[in-house]
Amino acid sequence: MIGVQGMDLVRSTTEILKQCELKQGDEVIVYADTGKAPGIVQSFYASALSLGVDPILAVFPQRRVMLQEPSLSALELMKKSTMVVDCATDPGLYTKGLNAVLDAGSRVLQVLAEEASLARMVPTKELVARAEAAARLFHSAKEVRIESAAGTNVTADCHGRP
């Protein structure tokens, strides 16, 4: 029997995928490894099924190395999909593989949150609009500076970042 947190997780992952504007017949790869909490992986797969898309669950052995390229078979599967829900424990951020998937026209949703956090954070249209506005600001920025009253003062160069 699924617990209350499991129901919240399914509600949240379903809303996340709705915000991705998937259409019936889209091919969605739920990409995971053996180190990821099974509840997250199963929830995204179940949510994709409930939305009428064509999900494929691809689980590979955990690589345990940050920024390691996915296997060639995983990469080919992801490149041919409409969207990848990347639930890998160690995500392939900033890898050639991720760039190849994006260049092939696939969209990628990287799931970095833990199960309890994901269950609590249900996206809304307003929240998505705020995130998109922030993305537009970052897209045109040359640098980003973060300051706080507590003494934080960090500046990052944005040149060359997609």
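As the structure is a prediction and not an experimental result, all values here were calculated from the model.

Moving on, we get to the pattern of salt bridges. Two side chains of opposite charge can pair, provided their charged atoms sit close to one another. If you walk through the whole model with that rule in mind, you get three salt bridges. A salt bridge links Lys-79 to Glu-76; the shortest N-O distance between them is 3.2 Å. Note that Lys-79 and Glu-76 are positioned in helix H3 (residues 72-79) at a spacing of three residues, about one turn of the helix. Looking at Glu-76, the relative accessible area reads 37%, which means it is partly exposed. With a closest N to O distance of 3.2 Å, Arg-145 and Glu-147 form a salt bridge. Its relative accessible area of 49% is what places Arg-145 among the partly exposed residues.

What follows covers the nonpolar core. Across soluble globular proteins, nonpolar side chains show a tendency to be buried alongside one another. Ranked by size, the top nonpolar core spans 19 residues in total, and within it Phe-44, Val-85 and Cys-87 carry the most contacts. Contributions of two or more residues to this core are made by helix H1 (4-19), strand S1 (27-33), helix H2 (38-50), strand S3 (83-86) and helix H5 (115-120). It is H2 that contributes the most residues to this core, four residues altogether. The contact partners of Cys-87, leaving out residues within four places of it in the chain, are Val-30, Tyr-31, Ala-32, Lys-36, Ile-40, Val-41, Phe-44 and Val-111.

Procedures and definitions
Residues numbered from 1 in each chain as written. Predicted model: local features only at pLDDT ≥ 70, side-chain atom pairs only at ≥ 80, totals over all residues. Heavy atoms only, no water. Salt bridge = Lys/Arg side-chain N within 4 Å of Asp/Glu carboxyl O. Helix = DSSP H or I, 4+ residues; strand = E, 2+ residues; numbered from the N terminus. Buried < 20%, exposed > 50% of the residue type's maximum accessible area, 1.4 Å probe, protein only. Core = buried A, V, L, I, M, F, W, Y, C linked by side-chain atoms within 4.5 Å. Contact = heavy atoms within 4.5 Å.

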